[in-house]
Structure formats: structure tokens, C-alpha cells
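Spelled out from the first residue to the last, the chains are:
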Number of protein chains: 2
Amino acid sequence: MSDPTPGLTPEQLGAYFALMEVSSLLQYAVDEHLRADGDLSWVQFQILARLTDAPGGKLRMTDLADGVVYSRSGLTYQAGLLDKRGLITRSPSPDDERSVLVTVTDAGRDLVAQVMPGHVESVRRLLFEPMAGRDLATLGAVLGRVREHMRANPPRSAKPRAGRARNA
Amino acid sequence: MSDPTPGLTPEQLGAYFALMEVSSLLQYAVDEHLRADGDLSWVQFQILARLTDAPGGKLRMTDLADGVVYSRSGLTYQAGLLDKRGLITRSPSPDDERSVLVTVTDAGRDLVAQVMPGHVESVRRLLFEPMAGRDLATLGAVLGRVREHMRANPPRSAKPRAGRARNA
DNA sequence: TATTGTTATACTCTATAACTATA
DNA sequence: TATAGTTATAGAGTATAACAATA
């Protein structure tokens, strides 16, 4: 980090570490709130939030896996937990009998609504409070571009099927 | 996310999600490389890198816990693994008999050196390739400021002692 | 009493591979 | 044959609390 960093300028290195630390601290804080306010992990919250946002509150497992989890069995596990708690429902898709349609229940929507204010407030306080309007615009633009770049350039060892469904 | 987001503008929400996804993808990719090139996890790499960077290659467990891990037992666990592999050494501190001084071994330094090029190259390719010089400057500055803000504002439920040593 | 660190334990989450069923 | 999903299993990592030792 002092010297053995050929290929990255000190400025880049600093930005890299700052990014990793900020996201780590943010996720930790947010996770804590979700846990306390609704007994939800970050992954579970994301699943519920995506469903809440989807038309009809329904998504296929595959669509859901996309971006939330890095393996299918991981999603099955999390969906199992949410199902047990009555926050989602799973049923075979009419279109494709192989697919499973996941649907948020009313209880699921209620829980999201219950947890959202505190969640959002954490993010606002920790991430955006110290940020000027101009900074926000740049940050959003840059990170958006980086995200697209990363999605288009999956790690060389991207698994053909078990990998993050993002690559599918 | 469509509506239930009082307190965050759509722009903020977008930046928030982009940040989380970018850091998640980056960490995943980087972790994969570290694992493949040196059988190291991200946490283990951070420990070794910090030691490599420290004067004399030595740090106390407490200093090391700071920022790397969220519990002391977690650090003990990771240090145990690195110790077993001969990458670090642990010995009682002369100054304070309670403390343990962790030292990188030559093998540890070698491993860091071996892993660093690929690591840095991943980061460069994924994170900085799509980034303009001006973007980098802003990103670094903003994230640096956010990091300071977060360090100064630990989550309300910061544990008195078990918490991330950062708060100690 | 407070701090440093370890240990025991329990638990969560993840990933791999094998398997079923449908397209 | 390829895709969607589940299951079994095994392993990595984490957190809590209890503990010992030093300041």
C-alpha cells in the first residue's frame, strides 16, 4: 500500500479504500437497523423491496436472484425464510412450469413500509448529510457509469450458471 | 422504492443503490482474485496489507481490529488462520503485557507482493477504467468526507466494547 | 475497575454438487 | 440438451458471553 501499488495512483488508491470503507460502514449500520426494526437482513430487505416495486408484486426466482445473491441456492434459502414468515408466497408460473413466481404478501408489504422510514433515515444521515448537491450529482453519475461497466465486464471466472444470475 | 421513500430524493436513492451494487461487485471480484492468487480472503488481505504498511511490520491486535473487523473474536479467528500459515507472528508486547503484537513474516510480505499486482489490476479495470480524471478527484474527495462523517457518527447502537474497535 | 485478548459455542449464510422436472 | 429450482451437505465467518491476565 505504501509502494507495492504499481498501476494505481495514490489518488486512486485513496478513493478505492474510501469506497470500500464507506460501503462497509453503511451496510453495517443499515443492516443493524433492518435487523432491529424488522428482523430482516440486507438481502431479505432487498428481495422484499424489489418485489414491492415489481408489477403485481411478483417476480420469478431467476429475476430475483439477479443482483441480489451470488448463487441460486442462496436465494432459495432466503426465500424459504421469508416464506416461513409469511412475507412472500411461492407458486409455479403458469407460463413456464419450471419457473416459480414469488409474490409479496400484505404482511410483506407492511413490513417493508414499517422498516423503510428508519432505513432511509439512516442512509440520509450517514451518507448524504455530509454531501453537497453538486457532489451527489457527480457521485450518482460516476457510480452509475461504473455499475454499467461492471455489469458488462463480469469477472473472468464468471460461472456459466451458478454465478450471479446477473451474468445469465 | 417507488414511493415509500420519504426523505430521499430519487437522485439520492439512485446514488445509494449504485454505491451498494458497485462495492458489492467490486468486493466479490477482488475477493475471488485474492482467493485464487493467494488463498486469502478480503479481511485477511487487509490485515496483511496494513501490517506490511506499518512501521516495523508490527501492530497491536486492537489497532488491527480497528477498521478491519467488527468484533475482537473475529480478529482473533483470522489472526489464528494467518498465524497457522506462517504469514504473521504474535507475541506479547513489551510495553503493555496485555497487548499482543502482530508482525508480518517474510512469507507474509512475499504473499502480499505476489497477490498485489492482480489485485490492483482488478480494481483498476473494474473501478477506474470507466472513470475520468475529474470524476476520480470528486469521488475521492466526497467519499473521504463521508468516511470522516461516518467515523465521527457511529451507529446509535455502537457497542461499548464489542463493537468495531473504530469506536473505541 | 477497565482494558486486552482468547476461547467456547451457537448460528447465519454461502457454495457446490447432485437431483427433479419442464422446455 | 438446456433451463429453473430445490436439497443436502459441508465449510467459512461472525457474534456473544464467559474467561484470564495485566494496568
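Residues numbered from 1 in each chain as written. Chains lettered and ligands numbered in written order. Predicted model: local features only at pLDDT ≥ 70, side-chain atom pairs only at ≥ 80, totals over all residues. Heavy atoms only, no water.

Draft legend 1. Quick look at the interface of chain B and chain A. With 67 residues of chain B at the contact, the number on the chain A side is 66 residues. Counting the surface lost from both chain B and chain A, the interface buries some 6,800 Å², and carbon and sulfur atoms represent 69% of this. Taken together, the links from chain B to chain A amount to six salt bridges. Taking the shortest distance from any N to any O, the salt bridge between Arg 151 of chain A and Glu 21 of chain B comes out at 3.0 Å. Counting across the chain B and chain A interface gives 12 residue pairs in polar contact (both at pLDDT 80 or more). Among the elements of the structure, α1 (10-38), α2 (42-53), α5 (106-128) and α6 (133-152) of chain B are those that each provide at least two residues to the side of chain B that touches chain A. Examining the composition of the side of chain B that touches chain A, we find that 21 residues originate from one element, α1 of chain B, more than from any other. The residue inventory of the side of chain B that touches chain A, partitioned by class, reads 35 nonpolar, 15 polar and 17 charged. (Contact = heavy atoms within 4.5 Å. Buried area = accessible area lost by both parts, 1.4 Å probe. Salt bridge = Lys/Arg side-chain N within 4 Å of Asp/Glu carboxyl O. Polar contact = N/O pair within 3.5 Å; in protein donor to acceptor, adjacent residues only side chain to side chain. Helix = DSSP H or I, 4+ residues; strand = E, 2+ residues; numbered from the N terminus. Nonpolar A, V, L, I, M, F, W, Y, C, P; charged D, E, K, R; others polar.)

Draft legend 2. Main features of the packing of aromatic side chains. Enumeration according to the criterion identifies eight aromatic pairs over all chains in this entry. By way of ring pairs, the aromatic residues Tyr 16 and Phe 17 of chain A together with Trp 42 and Phe 45 of chain B are connected into one cluster. (Phe/Tyr/Trp six-rings, centres within 6.5 Å; stacked < 30°, edge-to-face > 60°.)

Draft legend 3. Seen up close, the pattern of salt bridges. Scanning the entire structure with this criterion turns up 22 salt bridges over all chains. Asp 31 of chain A is the salt-bridge partner of Arg 35 of chain A, the closest N and O atoms lying 3.1 Å from each other. With Arg 35 of chain A and Asp 31 of chain A both in helix α1 (residues 10-38) and four residues apart, the pair spans about one turn of that helix. Relative accessible area serves as the criterion here: at 44%, Arg 35 of chain A is assigned to the partly exposed category. In this structure Asp 31 of chain A comes out as buried when scored by relative accessible area, which is 16%. Between Asp 135 of chain A and Arg 145 of chain B there is a salt bridge; the shortest N-O distance is 2.9 Å. Note that Asp 135 of chain A is positioned in helix α6 (residues 133-152) and Arg 145 of chain B in helix α6, a pairing that runs across two chains. (Buried < 20%, exposed > 50% of the residue type's maximum accessible area, 1.4 Å probe, protein only.)

Draft legend 4. Region of interest: the relation of the copies chain B and chain A. Relative to chain A, chain B is turned by 180° and slid 0.0 Å along the rotation axis, the superposed coordinates differing by an RMSD of 0.0 Å. Here the two chains are linked by the operation of a two-fold rotation axis. A shared binding surface is used by both copies, with 99% of the interface residues of chain B retained as interface residues in chain A. (Least-squares fit on C-alpha atoms with pLDDT ≥ 70 in both.)

Draft legend 5. Representation of the pairing of strand β3 (residues 100-104) of chain B. All names here are of chain B. Of all five residues that make up β3, four are buried, and the element is covered over most of its length. Pairing between strand β1 (residues 58-60) and β3: three bridges, direction antiparallel. By the bridge assignment, Arg 60 is partnered in β3 with Leu 101. Where strand β2 (residues 88-92) and β3 come together, five bridges link them in antiparallel fashion. Within the sheet, the bridge partner assigned to Ser 91 lies in β3 and is Leu 101. (Pairing = 2+ DSSP bridges.)

Draft legend 6. Geometry of the sheet that holds β1 of chain B. Residues and elements named next belong to chain B. Overall, antiparallel pairing links the three strands, which are arranged β1-β3-β2 in an open sheet. Both outer strands of the open sheet, β1 and β2, are each paired with one neighbouring strand and no more. Between one strand axis and the next, the sheet turns through 25° on average, direction left out of account. Across the sheet, α2 is in contact with β1, β2 and β3; its angle to β3 comes to roughly 90°. (Axes fitted to C-alpha atoms, helices over the stretch in contact; angles between N-to-C directions.)

Draft legend 7. Structural view of α2 of chain B. With 12 residues, α2 of chain B extends 16 Å from end C-alpha to end C-alpha; this agrees with the ideal 16 Å at 1.5 Å per step. Residues of α2 of chain B that are buried: Trp 42, Gln 44, Phe 45, Gln 46, Ile 47, Leu 48, Ala 49, Leu 51 and Thr 52 of chain B. (Expected span 1.5 Å × (residues − 1).)

Draft legend 8. Fine view of the packing of α6 of chain A against α1 of chain B. With their axes 8 Å apart at the nearest point, α6 of chain A and α1 of chain B run at an angle of 40° to one another. Put simply, α6 of chain A runs oblique to α1 of chain B. For the element pair α6 of chain A and α1 of chain B, the recorded crossing hand is left-handed. When α6 of chain A is examined against α1 of chain B, the residues Leu 136, Ala 137, Gly 140, Leu 143, Gly 144, Val 146, Arg 147, Met 150 and Arg 151 of chain A are found in contact with a partner set consisting of Glu 11, Gln 12, Ala 15, Phe 17, Ala 18, Leu 19, Glu 21, Val 22, Leu 25 and Leu 26 of chain B. Taken together, the residues of the contact of α6 of chain A with α1 of chain B break down into 12 nonpolar, three polar and four charged. (Parallel < 35°, antiparallel > 145°, perpendicular 65-115°, else oblique. Left-handed = near helix turned anticlockwise from the far one by under 90°.)

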